[in-house]
Amino acid sequence: MNPRDKPKSKISASRKLSLKMLLLQRACDDLEKERQEREEEKVRYLGDKMPPLQLSGLSLEELQNMCKKLHSQIDVVDEERYDCEYKVSKHNKDIHELKLKIQDLGGKFKKPALRKVRVSADEMMRALLGSKHKGSMDLRANLKSVKKEDVKQDKVLTSEVGDWRKNVEAMSGMEGRKKMFDTGGGAQ
C-alpha cells in the first residue's frame, strides 16, 4: 500500500457532516453544563464564606462591631489574595526561566535586534571607569589651536626658501652656469 493511497471512507459525506454537527452540539452542551456548575459552586462558596447580613434591629454599637469584624475578615482575605498572587508570579517567573533553559539547550535562541545608541566620550568613560572618572573629557578643547598669524609666517618662510625644483631648473640652463661662473670668477 502506498501512503498516498488512502482507503476510501465507508461513511458518506452527509453522514460525516451530521456526526460533526452532533459532536459540536454535544460539546456546546457540555460547556454550558460546566459554566452552570462553576456558577453554582461560586454561589455556594460565597454563601459559606459570607452569610447574608441581618442589619435590621441592631443597635449602633452592634453595627460598629459587625463593621470591625467585616474589616478584619477583609484583611485576612486580602492577605490570602496577596499570597496567592505572589505565588502565581513566582511560578510564572520559574516557568519563564525554565523555557529559557530549554531554548538554550535546544540551541534555537533568537538574538534580539540591537539598537544604535549614541554615547558621548564622557558617558563612555563613566560606564567603563565608574566613579573613578572625574571631570569632563572635551576632546575639541584639547586640540592645538592654530592662529592665523602663524599660518601667514609659515607661508612667508616657504616663499623665501622657495621650491628646490625651481632652483634646479634655474641653475640647469646656460644662465645658471653663467651666474655660477660670474660669481666664482669675480671672487678670485
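So, here is what we can say about the structure in this document. Quick caveat: nothing in here was measured; it's all calculated off a predicted structure.

1. Quick look at the overall build of the protein chain
When helices and strands are tallied, the protein chain shows six helices and zero strands. Along the protein chain, helices and strands appear, N-terminal first, in the series α-α-α-α-α-α. By residue count, 2% of the 188 residues in the protein chain fall in the buried class. For the protein chain, the exposed surface amounts to about 19,700 Å²; the carbon and sulfur share of it is 58%.

2. Section: the environment of leucine 53
When you line up the elements, leucine 53 lands in the loop between α1 (13-49) and α2 (60-106). Taking C-alpha positions, leucine 53 is 9.4 Å from methionine 66, a pair spaced 13 residues apart along the chain. The residues touching leucine 53, leaving out its near neighbours within four places in the chain, are Met66 and Leu70.

3. Let's talk about the pattern of salt bridges
Enumeration according to the criterion identifies four salt bridges in this entry. The residue glutamate 41 makes a salt bridge to arginine 44 at a minimum N-O spacing of 1.9 Å. Of the two residues, glutamate 41 and arginine 44 both sit in helix α1, three residues apart, roughly one turn of that helix. Two residues, glutamate 85 and arginine 81, come together in a salt bridge whose shortest N-O distance is 3.0 Å. With glutamate 85 and arginine 81 both in helix α2, this residue pair falls four residues apart, about one helical turn. Among the residues examined, glutamate 85 registers a relative accessible area of 45% and is labelled partly exposed. With relative accessibility at 43%, the residue arginine 81 sits in the partly exposed group. The network of salt bridges with shared partners includes Asp78, Arg81 and Glu85.

4. Some words on the layout of surface pockets
Taken as a whole, the largest pocket encloses approximately 600 Å³ of empty space. Among the secondary structure elements, those contributing two or more residues to the lining of the largest pocket are α1 and α2. At nine residues, α2 tops the list of elements feeding residues into the lining of the largest pocket. Each residue belonging to the lining of the largest pocket can be placed in one class, and the counts come to eleven nonpolar, one polar and four charged.

5. Looking at a negative patch on the surface
Together, Asp29, Asp30, Glu34, Glu37, Glu39 and Glu40 line one region of the surface with negative charge. Residue position: glutamate 34 is located in helix α1. For glutamate 34, a relative accessible area of 42% gives the class partly exposed.

6. Digging into α2
End to end, α2 covers 68 Å across 47 residues, agreeing with the expected 69 Å (1.5 Å per residue, within 8%). Just past α2, the residue glycine 107 takes up positive phi, approximately 75°.

7. Let's talk about a nonpolar patch on the surface
On the surface, Val117, Val119, Met124, Leu128 and Leu129 cluster together to form a nonpolar patch covering roughly 480 Å² of accessible area. As for its placement among the helices and strands, leucine 129 is situated in helix α3 (residues 121-129). What makes leucine 129 partly exposed here is its relative accessible area of 41%.

Rules of the game
Residues numbered from 1 in each chain as written. Predicted model: local features only at pLDDT ≥ 70, side-chain atom pairs only at ≥ 80, totals over all residues. Heavy atoms only, no water. Helix = DSSP H or I, 4+ residues; strand = E, 2+ residues; numbered from the N terminus. Buried < 20%, exposed > 50% of the residue type's maximum accessible area, 1.4 Å probe, protein only. Areas by Shrake-Rupley, 256 points an atom, 1.4 Å probe, with all protein chains shown as cover. Contact = heavy atoms within 4.5 Å. Salt bridge = Lys/Arg side-chain N within 4 Å of Asp/Glu carboxyl O. 1 Å grid on protein atoms, 1.4 Å probe; cavity = no way out; pocket = protein on both sides within 12 Å on 5 of 7 lines; lining within 4 Å. Points joined across faces, edges and corners; volume = space filled by probe spheres on them. Nonpolar A, V, L, I, M, F, W, Y, C, P; charged D, E, K, R; others polar. Patch = residues over 30% accessible without salt bridge, like charges linked within 9 Å, V, L, I, M, F, W, Y side chains within 5 Å. Lys, Arg positive; Asp, Glu negative; His and termini not counted. Charge placed at Lys NZ, Arg CZ, Asp CG, Glu CD. Expected span 1.5 Å × (residues − 1).

Worth remembering: the numbers are spatial, not functional.
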